Every structure is written in C-alpha cells, then in structure tokens.
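What follows is the residue order along each chain.
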Amino acid sequence: MMGQCGITSSKTVLVFLNLIFWAAAGILCYVGAYVFITYDDYDHFFEDMYTLVPAVIIIAVGALLFIIGLIGCCATVRESYCGLTTFVVILLLVFMTEVAVVVLGYIYRAKVEDEVNNSIKKVYGEYNGTNSNAPSRAIDYIQRQLQCCGIHNYSDWKYTRWFEESKTNSVPFSCCKSITPSCTGSLTHPEDLFQEGCEALVVKKLKEIMMYVIWTALTFAAIQMLGMLCACVVLCRRSRDPAYELLITGGTYA
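Residues numbered from 1 in each chain as written. Predicted model: local features only at pLDDT ≥ 70, side-chain atom pairs only at ≥ 80, totals over all residues. Heavy atoms only, no water.

Visitor: Hey, could you go over the pattern of salt bridges for me, with residue numbers and the actual values?
Guide: Tallying each qualifying case throughout the model produces 1 salt bridge. In this structure, Glu113 and Lys207 form a salt bridge, with 3.8 Å as the shortest nitrogen-oxygen distance. Of this pair, Glu113 sits in helix α3 (residues 81-125) while Lys207 sits in helix α6 (residues 198-240); the two residues are 94 residues apart in sequence, bridging distant segments of the chain. Its relative accessible area of 22% is what places Lys207 among the partly exposed residues. (Salt bridge = Lys/Arg side-chain N within 4 Å of Asp/Glu carboxyl O. Helix = DSSP H or I, 4+ residues; strand = E, 2+ residues; numbered from the N terminus. Buried < 20%, exposed > 50% of the residue type's maximum accessible area, 1.4 Å probe, protein only.)

So, in structure tokens, the structure goes:
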C-alpha cells in the first residue's frame, strides 16, 4: 500500500514538474533574449563575443525543455518505459548543459571588468555627439540609463577629442540630471551633472545580468534533478512490478 502511494505520488509530481518545464521553457527563452537585447546596448564595451555563449545555450535549453515537458507528460501518463528512459536521459543531458552554463557564466562574469576597462576609453574617444555615430549612441544611452557621466566622473570628458573640438567647456546633455531641465552640460555648473562615472556602473550592470543567467540555470537544474528522481522511482517500480495503477485510468498496465 505504501509502495503504491509512493509511486502514485511520484507520477503526480512528475506530471506537475513537466508542466513546470513548459513554464521554464518560456522563462529561459525570456532570460536569454533579455541578455541579447541588453548586450546590444552594451556591445561597444565588449571585445569578446563569446560572452553571449551562456545566453545562446540557455535559449537552446529553453526550447528543448518544451519538448522534454511534452515527452515527460506523455511517457508518465502512458507508463512508457522507453519514453521515461528517454525522458531521464534527455533531462540528464540538459542538466549537464545547465551546469556548463553556470560554469561559463562565472568565467565570463569574472572577465567583464577587464573587457570593459580595455574598451571604454576607446569608445569615449570615438564619441562625436551625433546620433549616426554608434559609439555616441551607446555612450548617451548608458549615461542616461545608468545616470552616470564620463569614465570615472564628468571631468574625464575634458580629455576626449569631442571636448577639445567642441570648445564649449561642456559635457554631453546625457550627463544632465533629469531633475534639471535647464542643464546645458556646462562644467561651470557641475551640480547639474551626474557625479558617478560609468565604468563601474557598466561593470556592475553586466555582472548582474550574468548572475540572472547563473541563478536561472541553477534553479531549473534543481527542478530537473527532482524530475529525474521521480522518473527513476517510476522506472524502478515498473521494472519490479509491471502491473500497477495507471495515473489517469486507475487501471493496470501489463
């Protein structure tokens, strides 16, 4: 009686987990897409395109999880030994992939600071203040978005080519605080400008994004471990006793 209760519980949990896998598929794809979209805003501060590898993997895993959920539900309800075995094997592969995502995430998270440090001065040096210039758009975007100005502070603009050529003793309007609509970017009114530099904030933002990927992968890896455990319980029980209660009919399967 206890064994039957255990096997029914395992099957019920397994069906529920497969429904979670479908939801997880959407969440993983969303997280991966979020990383891609954010990367597009910060790509000028990266030289290593491999930083996107964890995001690519997590989108692929999300697509695969949808298929896994379908296989798992059908295999659990039909009590298919072959289906459940396939389900466990695929889950194991996906679990290993997510472990790889976590490892890569930590590796690239550690490289973020060096990447930004190596490229940010070059990007600021290419700024010309026009919307048609990609580095200019990138810098104006991060200064508004992160509420920062310059690399370390607003005084860094004094050493840029744009500042020397403009001869206005001012910084870009994107350095202006939103609460100061009359701001012209003039260095004679530094109180109107964002005080914090962008380098540290860009590094912080990109590290946060990578942590989203890492924690998402860890969370669903834990759920998949539970799914593999429940599937193994069902498989072991079936191999010992081929006639036990079906989840949806209450009958037996021979």
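Visitor: Before we move on, could you go through the nonpolar core and cite the residues and values that matter?
Guide: Counting 65 residues, the largest nonpolar core has Leu65, Val116, Tyr124, Ile142 and Trp157 as its most contacted members. Counting only elements with at least two residues in this core, the list comes to α1 (2-42), α2 (53-78), α3, α4 (134-146), α5 (161-166) and α6. Sorting elements by how many residues they give to this core places α6 first, with 18 residues. When near neighbours in sequence (up to four residues on either side) are disregarded, Leu65 contacts Phe21, Trp22, Ala24, Ala25, Leu28 and Gln224. (Core = buried A, V, L, I, M, F, W, Y, C linked by side-chain atoms within 4.5 Å. Contact = heavy atoms within 4.5 Å.)

Visitor: I'd like a description of the packing of aromatic side chains, backed by residues and values.
Guide: In the structure shown here, the tally under the stated rule is 6 aromatic pairs. Plain terms: the ring middles of Tyr127 and Trp157 are 4.9 Å apart, the flat faces sit at 70° to each other, and that makes the pair edge-to-face. Of the two residues, Tyr127 sits in the loop between α3 and α4 while Trp157 sits in the loop between α4 and α5, which places them 30 residues apart along the sequence. With a relative accessible area of 0%, Trp157 lands in the buried category. Ring pairs connect the aromatic residues Tyr124, Tyr127, Trp157 and Trp162, which therefore count as one cluster. (Phe/Tyr/Trp six-rings, centres within 6.5 Å; stacked < 30°, edge-to-face > 60°.)

Visitor: Give me the lowdown on α4, citing residues and values where you can.
Guide: Across its 13 residues, α4 extends 18 Å between first and last C-alpha, which sits within 8% of the 18 Å expected from 1.5 Å per residue. Those residues of α4 not exposed but buried are Pro135, Ser136, Ala138, Ile139, Asp140, Ile142, Gln143 and Leu146. Of the residues trailing α4, Gln147 is marked for its positive phi of about 55°. (Expected span 1.5 Å × (residues − 1).)

Visitor: Give a detailed account of the environment of Asp156, specifying residues and quantitative values.
Guide: Along the polypeptide, Asp156 turns up in the loop between α4 and α5. If we ignore the near neighbours within four places in the chain, the residues touching Asp156 are Gly150 and Ile151. Within the structure, Asp156 has its side chain in polar contact with the backbone nitrogen of Asn153 (distance 3.1 Å). (Polar contact = N/O pair within 3.5 Å; in protein donor to acceptor, adjacent residues only side chain to side chain.)

Visitor: An account of the confidence of the model for the protein chain is requested, with residue identities and associated values reported.
Guide: Per-residue confidence for the protein chain gives a mean pLDDT of 78; residues scoring 70 or more make up 82%. Of the regions scoring below 50 in pLDDT, residues 1-7 engages in 7 contacts with residues more than four places distant in sequence or in other chains. Considering only residues more than four positions removed or in separate chains, one finds that residues 243-254, a stretch of pLDDT under 50, has 35 contacts. (pLDDT = per-residue confidence, 0-100.)

Visitor: Tell me what's going on with the side chain of Ser136, and back it up with residues and numbers.
Guide: Relative to the helices and strands, Ser136 resides in helix α4. One polar contact links the side chain of Ser136 to the main-chain amide nitrogen of Gly129, over a distance of 3.2 Å. Other than its neighbours up to four places away in sequence, Ser136 contacts Glu126, Tyr127, Asn128, Gly129 and Thr130.

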